[in-house]
Amino acid sequence: MQLNAQQVIDALPWDALIDQLADIFTQEVQSPVRHHHFIPVPDAPQATLLLMPAWIEGEFLGIKQVNVFPGNSALNLPGLNSHYLLNCGRTGRPLVQLEGNELTARRTAAVSALAARYLARSDASRLLVMGAGRMARRLIPAHMAVRPIDKIWVWARNPAAAAELVEELGEQGLDIQVATEQELPELVPQMDIVSCATMAETPILKGEWLSPGCHLDLIGSFTPTMREADDEALRRSHIFVDTRAGALSETGELLIPIRQGVITPDHVLAELSELCGGKHAGRSALPDPDSAITLFKSVGASLEDLAAAILAYQRSQNR
């Protein structure tokens, strides 16, 4: 069986996907460190092959393959292609191959929404999304699935991209508008949730802008040199991550302020397995829940892909 991008969308509605992720973070899942292989390409920049396996013993075995070919831009082709292969955990028999880009985008947005279940105020209604690409289009409905979001703003370094996204979602009946660079210092303090999904190398969000009770969702930084929020944002926030192992080794969002002495690894209060498993109650366990600023940083984990692939397979089988 194969599922293309649209079939992956149809098989992964937000509520079901968020619940599936909550469940898998309480299970015993084997998820080795991802494999990186560098591949020479004739007359083009070096390519990278990423392999991300995960399995639940006796149930499912999955692996995501990501091919990153930077030279494809010169050929007017996507620079990244991926697919996911889900297999039977008892026999190794292939069960389904899924289009990987949509699978990754949806599970990433759903992880942010899962964290918001525990960390955003229950009455959060105002959302600012920083970034206007693939992830922004998914983060908005994902957050709307867990909180009563009724007003949305979109900021992007490319105003035309923000305007395009606002027009697209506005036609679907959402109350959504573009935020300009000049408006951010006055707009951000009004937000209940700020979700960042950019390729920023240096901070685009200032901690001095954040109001008490805000939840900050950081997705973009995936290398030790990238970050979206400044030192003050980290200093003021109660910090949570998807996995400590990934967040404390892969993202400049934490590595840079730790190296500079702004925070320490102990400032990470909990990871998703602890939130979902009831070891930490999230916002409600903080000293002043109503005014606390919470920050969630995700870098991605192979068990998240496995959860999404299992759900897509099971729902497709039941149709």
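This text goes with the structure placed above it.
For the rest of this paragraph, the subject is the sheet that holds strand β13 (residues 268-271). Reading across from one edge, β9-β8-β7-β10-β11-β14-β12-β13 is the order of the eight strands in this open sheet, with parallel pairing throughout. Two strands bound the open sheet, and with one partner strand each, they are β9 (176-178) and β13. Here the average twist between neighbouring strands, direction ignored, is 20°. In this fold helix α4 (residues 134-144) packs onto β7 (126-130), β8 (151-155), β9, β10 (193-196) and β11 (215-218), with an angle of close to 160° to the strand it touches most, β7. Along the sheet, helix α5 (residues 159-170) makes contact with β8 and β9, crossing β9 at roughly 165°.

Tallying each qualifying case throughout the model produces 14 salt bridges. In this structure, Lys-64 and Asp-305 form a salt bridge, with 3.2 Å as the shortest nitrogen-oxygen distance. Taken together, the residues span a long stretch of sequence, with Lys-64 in strand β4 (residues 60-68) and Asp-305 in helix α11 (residues 302-317) at a distance of 241 residues. For the pair Lys-64 and Asp-305, a shared accessibility class is recorded, and that class is buried. The closest approach of N and O atoms between Arg-121 and Asp-192, which form a salt bridge, is 2.9 Å. Linking Arg-121 in the loop between α3 (100-119) and β7 with Asp-192 in the loop between α6 (184-187) and β10, this pair joins segments that are 71 residues apart in sequence.

Formed by 72 residues in total, the largest nonpolar core has its most connected members in Leu-86, Leu-98 and Leu-306. Counting residues per element, this core draws most heavily on α3, at 10 residues. When near neighbours in sequence (up to four residues on either side) are disregarded, Leu-306 contacts Ile-24, Val-29, Ala-54, Trp-55, Ile-56, Phe-60, Gly-62, Tyr-84 and Leu-86. Counting 31 residues, the second largest nonpolar core, distinct from the first, contains Leu-216, Leu-218, Ile-239 and Val-262.

Calculation notes
Residues numbered from 1 in each chain as written. Predicted model: local features only at pLDDT ≥ 70, side-chain atom pairs only at ≥ 80, totals over all residues. Heavy atoms only, no water. Pairing = 2+ DSSP bridges. Helix = DSSP H or I, 4+ residues; strand = E, 2+ residues; numbered from the N terminus. Axes fitted to C-alpha atoms, helices over the stretch in contact; angles between N-to-C directions. Contact = heavy atoms within 4.5 Å. Salt bridge = Lys/Arg side-chain N within 4 Å of Asp/Glu carboxyl O. Buried < 20%, exposed > 50% of the residue type's maximum accessible area, 1.4 Å probe, protein only. Core = buried A, V, L, I, M, F, W, Y, C linked by side-chain atoms within 4.5 Å.

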